Amino acid sequence: MAKAIPVPLAQFEQEFGSLIELTSEALGGSIESVSDEFFADATNLLRVPPPVSMKGQFGPKGALFDGWESRRHNPTYDWVIIKLGAIGTLTGVDIDTRVFDGNESPASSVWGCYLPPSTTTKEDTPIAEDSPLWELLLEKTPLGPSSQHLFKLEHVSKPITHVKLTMHPDGGIGRFRAYGKVVPSPSAGKGDEAVDLAHVLNGGTVTGESDQHFGRGGNLLLPGRGKDMGDGWETKRSRGRLGTGTGDWVVIKLGEPGYLEWADLDTLHFVGNFPESAELFGIISNEELPSQDADWTKLLDRTKLGPHRNHYFQLAHPDKPWTHVRLSIYPDGGVKRVRLYGRPASRFPSYSALVPLANPSHALSTAATSAPVPNGTDSVPSGTVSVPRIPAIPLTVGGFSPYGSVIQSYPDHRAAKKDVIIKPVNFGTAFKFNHLAPVTFLQPPSRPEVKGEVNFCVFRCDQQNGVKDGQGKENWEVKVLERHEFSSQAFLPMGGGGGRYLVLVALPGPDTKPDLSTLRAFIATHSQGISYHPNVWHHPIIALDETTDFACVVNETGVPEIDCEIEQFGKTVAVVVEV
C-alpha cells in the first residue's frame, strides 16, 4: 500500500522543514521525459519560486500558465519523469495546483525508482514510463483546484534516483516538490583533502533557523552559487537591533562529524541587504536541533561582511570534531551559501592524524631535491612534528581585515565596500577606486627625533612553491616572521611572473611577540595587492609559480631596529597548506 497522508499547510515546517527538496532545479533536478506538455512546459514544475498567476496572458497555443499543462481528452493519463538532483530517500511531496482552476489535474500518483548511474538506453532516456523498476510511493489521490497538496508518504522510500508524477487523466500542476534526505556519495570525503561537510550532496542539512521570511535556510547548502537572491537565505528586516548584539541564526547539521578548517560565507546577489556582520559556532550534539543556550563554541569571531562576494575565513578549534554549526548574522539580512571545509572524523579518529599532514611521506621523499626557502619558510613539511596546520585560503577583504587592507578593483561595483568611493575619471575611460588602503606612519614614542619617509620601491621575489603532497596541494613550514611596528607596508604585483603569491600574517600578543593562535595564510591573485597594518607580524612575500616583481610602499626611518623587527623561531611553528 502507498496511502496518501494529507499534511495541513500549517504543519509544513514541522513535517518537511528540515528536509531537502530533491526535485528542485536548484539542486540539479531535471525533466527526463514527459508524455505531453502542449500548453505549458514540465520544466516549470521544478522551479524554485512558487507559481504565479498569468491570468489574461495568451500565446500561440492559448492561455499561459506557470506550471505543467497537457492537452485535454487523454483516454489514459499523462506523466512526467524527473531525475532527482541527488540520490535520496523520500518522505513526502507537495503537488501544487495553485494557478490551475478548472484545468487542474483531478488526481495524481507518485512513483520512484533507483537507477545506477551507468544505466542508459539508446534513446538516452534512462528509464521508460512502463518500466518494471517503478515502485508506487503515493497512490492515485484526488486533487483540487488552486491549492497546495502536502502528502506524507506512508513509509520513507528506499534510496531513489527518479520519480514519476502522473495526472489522471490530464490537466495542469504548478509545482511538484519531493522532500527527503540526500544519500551522500560513497566517494565524499574519501581522500585526505578537505571537503565541504555542510554541502547538501555530502549529507548536510539545515535543522532550524530563526527566520526565513524571504529565502529558506536550506538554500545555504545548495550546489553552485545560484542565480539570484531567491535561492539564498534571507530574513525579514529587523527594527532596533543594530548595535544590540541581537540577530538571526541558522543551524547546520554536518553530513557527518568532522574537523573544520575553513569556511566560505557567500553574499552573492545580496547587495543592499547583506548582514552587517556574522559569527560561527560549533557543537557536538545528538540532538537534531541543539538549543541556542547549549554549550556552543565560537569558531569565528564576529566579523564584518560585505556585499555580493565570497568571504573566506580560517576557523578556530580545528582539533575538535563538530556535529553542528550555527551561523549567526547581525542584525539581519541575506547569505547565499555557507561552505564548511574539513575532514570527516570517521576517517581520522584523532586530530593528530592530521598534524601536520596525513601521509606526509610523499613530501618528505622530495626533500633531497627541494631546496629550503631562504627567507625562513621551508617548502617541506616536517611530518613528525606536531604543529598547527594553517589553510592557505583565498584572499578576501573580510578575511584579511584584522591584518590589513586588500587593494583591488571591483569589476562589479556592487561588490565594493560601502566606504570605497568609485568615480569615473579620464573622460569616462576609467574608474577610480578611492581609499583602498591607508599609508600610515606612527611616531616611535622613544625616538621623537626620528622621522619616517615614504619609500616607494620594488621587490623582485623568487618563485618559492611548496612541495606537493599526495593530494597535489602545496605546503610550507613557517620558521620566521617580521613586523614594521610603526609603518604600514603595501605590496602590489606588477608582472614578471605568474601572479599568485602567499601572504602569511599574525597579530602581536600581550608580550608584543607573534600570537601564533592568530596566524593566518592567504593566497592572493595577480589582481590583488595587500597592505599590512602597522605592528602586524607577517612572513616575507612568497611568490608562486614564477619570479614576480612587487611595487612596495613603506615608511622608513633609516634606523634598522625601528624599521623592521625579525622573529626567528629556530624551529617549525606551523605548516601552511594550500586548500
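Residues numbered from 1 in each chain as written. Predicted model: local features only at pLDDT ≥ 70, side-chain atom pairs only at ≥ 80, totals over all residues. Heavy atoms only, no water.

### Structural notes on the overall build of the protein
And then number 1: Check the secondary structure of the protein and you find four helices and 41 strands.
And then number 2: With respect to the three principal axes, the spread of C-alpha positions in the protein is 95 × 60 × 50 Å.
And then number 3: Split into buried and exposed, the 579 residues of the protein put 54% on the buried side.
And then number 4: Long-range pairs, those at least 24 residues apart, make up 81% of the contacts in the protein between residues at least 6 apart in sequence.
And then number 5: Where the 53 positive side-chain charges of the protein centre and where its 67 negative ones centre are 3 Å apart. (Helix = DSSP H or I, 4+ residues; strand = E, 2+ residues; numbered from the N terminus. Buried < 20%, exposed > 50% of the residue type's maximum accessible area, 1.4 Å probe, protein only. Contact = heavy atoms within 4.5 Å. Lys, Arg positive; Asp, Glu negative; His and termini not counted. Charge placed at Lys NZ, Arg CZ, Asp CG, Glu CD.)

### Examining the side chain of Asn475
And then number 1: Checked against the element boundaries, Asn475 lands in strand β31 (residues 474-478).
And then number 2: Among the polar contacts made by the side chain of Asn475, one reaches the main-chain carbonyl oxygen of Lys473 at a distance of 3.0 Å. (Polar contact = N/O pair within 3.5 Å; in protein donor to acceptor, adjacent residues only side chain to side chain.)

### With respect to the packing of aromatic side chains
And then number 1: This structure, assessed with the given rule, holds 14 aromatic pairs.
And then number 2: Geometrically, the ring pair formed by Phe12 and Phe16 is edge-to-face, given 5.7 Å between the ring centres and 75° between the ring planes. Here Phe12 pairs with Phe16, and both are found in helix α1 (residues 12-16), just four residues apart, close to one helical turn. Like Phe16, Phe12 is buried.
And then number 3: Ring plane angle 80° and centroid distance 4.9 Å describe the contact between Tyr501 and Phe550, whose orientation is recorded as edge-to-face. Here Tyr501 is found in strand β34 (residues 501-506), whereas its partner Phe550 is found in strand β39 (residues 548-556), with 49 residues between them in sequence.
And then number 4: Relative accessible area serves as the criterion here: at 0%, Tyr501 is assigned to the buried category.
And then number 5: Above the ring of Phe281, the side-chain terminus of Arg326 is found at 4.3 Å from the ring centroid. (Phe/Tyr/Trp six-rings, centres within 6.5 Å; stacked < 30°, edge-to-face > 60°. Lys NZ or Arg CZ within 6 Å of the ring centre and 35° of its normal.)

### A short note on the confidence of the model for the protein
Detailed reading of the predicted coordinates is not advisable wherever pLDDT falls low.
And then number 1: Averaged over all residues, the pLDDT of the protein is 90; the fraction at 70 or higher stands at 91%.
And then number 2: The model gives residues 356-375 a pLDDT under 50, and that stretch makes 44 contacts with residues more than four places away or in other chains.
And then number 3: Predicted confidence is poor over residues 379-384, with pLDDT under 50, and the contacts of this stretch with residues over four places away or in other chains come to 31 contacts. (pLDDT = per-residue confidence, 0-100.)

### Describing the sheet that holds strand β26 (residues 404-407)
And then number 1: Strand order in this open sheet of five strands is β26-β36-β33-β39-β29, and the pairing throughout is antiparallel. Where the open sheet ends on each side, the last strands, each with one partner, are β26 and β29 (453-461). Direction aside, neighbouring strands of the sheet carry axes that sit 15° apart on average. (Pairing = 2+ DSSP bridges. Axes fitted to C-alpha atoms, helices over the stretch in contact; angles between N-to-C directions.)

### Brief notes about the nonpolar core
And then number 1: Judged by nonpolar contacts, the single largest core of 58 residues is most densely connected at Ile95, Phe176, Leu280, Leu327 and Leu340.
And then number 2: The element contributing the most residues to this core is strand β7 (residues 78-96), with seven residues.
And then number 3: By size, the runner-up hydrophobic cluster in this structure holds 33 residues, among which are Val420, Phe433, Cys457 and Ile541. (Core = buried A, V, L, I, M, F, W, Y, C linked by side-chain atoms within 4.5 Å.)

### Side note on the pairing of strand β21 (residues 321-330)
And then number 1: Summarising burial for β21: nine of the ten residues are buried, a large majority.
And then number 2: Where strand β17 (residues 248-266) meets β21, eight bridges bridge the pair, whose relative direction is antiparallel. Opposite Asp248, over in β21, you have Ile329 as the bridge partner.
And then number 3: With seven bridges joining them, strand β18 (residues 277-283) and β21 adopt antiparallel strand pairing. Residue pairing in the sheet places Ile283 in a bridge with His324 of β21.

### With respect to the pattern of salt bridges
And then number 1: Using the criterion set out here, one finds 33 salt bridges in the structure.
And then number 2: Between Arg177 and Glu21 there is a salt bridge, and its shortest N-O distance comes to 3.0 Å. In this pair, Arg177 sits in strand β13 (residues 175-182) while Glu21 sits in strand β2 (residues 20-21), placing the two residues 156 residues apart along the sequence.
And then number 3: Judged by relative accessible area, which is 19%, Glu21 ranks as buried.
And then number 4: In this structure, Arg483 and Glu485 form a salt bridge, with 3.8 Å as the shortest nitrogen-oxygen distance.
And then number 5: A residue is classified by how much of its surface remains accessible, and Arg483, at 4% relative accessible area, is buried. (Salt bridge = Lys/Arg side-chain N within 4 Å of Asp/Glu carboxyl O.)

### Description of the environment of Tyr501
And then number 1: A C-alpha to C-alpha distance of 61 Å links Tyr501 and Pro145, two positions 356 residues apart in sequence.
And then number 2: From its side chain, Tyr501 meets the backbone oxygen of Gln528 in a polar contact 2.6 Å long.

### Structural notes on unusual backbone geometry
A negative phi holds for most residues other than glycine; trans holds for most peptide bonds.
And then number 1: Look at the link from His168 to Pro169: it is a cis peptide, with omega at -5°.
And then number 2: One can find Pro169 in the loop between β11 (160-167) and β12 (172-173).
And then number 3: Pro331 follows Tyr330 through a cis peptide bond whose omega is -15°.
And then number 4: Considering the arrangement of structural elements, one finds Pro331 in the loop between β21 and β22 (334-335).
And then number 5: With a phi close to 70°, Thr512 is a non-glycine residue in the positive phi region.
And then number 6: Mapping Thr512 onto the fold places it in the loop between β34 and β35 (520-524).

### Re the side chain of Arg483
And then number 1: Following the sequence through the fold, Arg483 ends up in strand β32 (residues 480-483).
And then number 2: Only 2.4 Å separates the side chain of Arg483 from the side chain of Asn535, close enough to count as a polar contact.
And then number 3: Within the structure, Arg483 has its side chain in polar contact with the side chain of Glu565 (distance 2.8 Å).

### What to know about the environment of Tyr312
And then number 1: Examined against the element boundaries, Tyr312 turns out to sit in strand β20 (residues 310-314).
And then number 2: A residue is classified by how much of its surface remains accessible, and Tyr312, at 17% relative accessible area, is buried.
And then number 3: Each C-alpha atom of the pair Tyr312 and Leu150 lies 39 Å from the other, and the pair is 162 residues apart in sequence.
And then number 4: Ignoring anything within four residues of it in the chain, the contact list for Tyr312 reads Trp262, Ala263, Asp264, Ile393, Pro394, Thr396 and Gly399.

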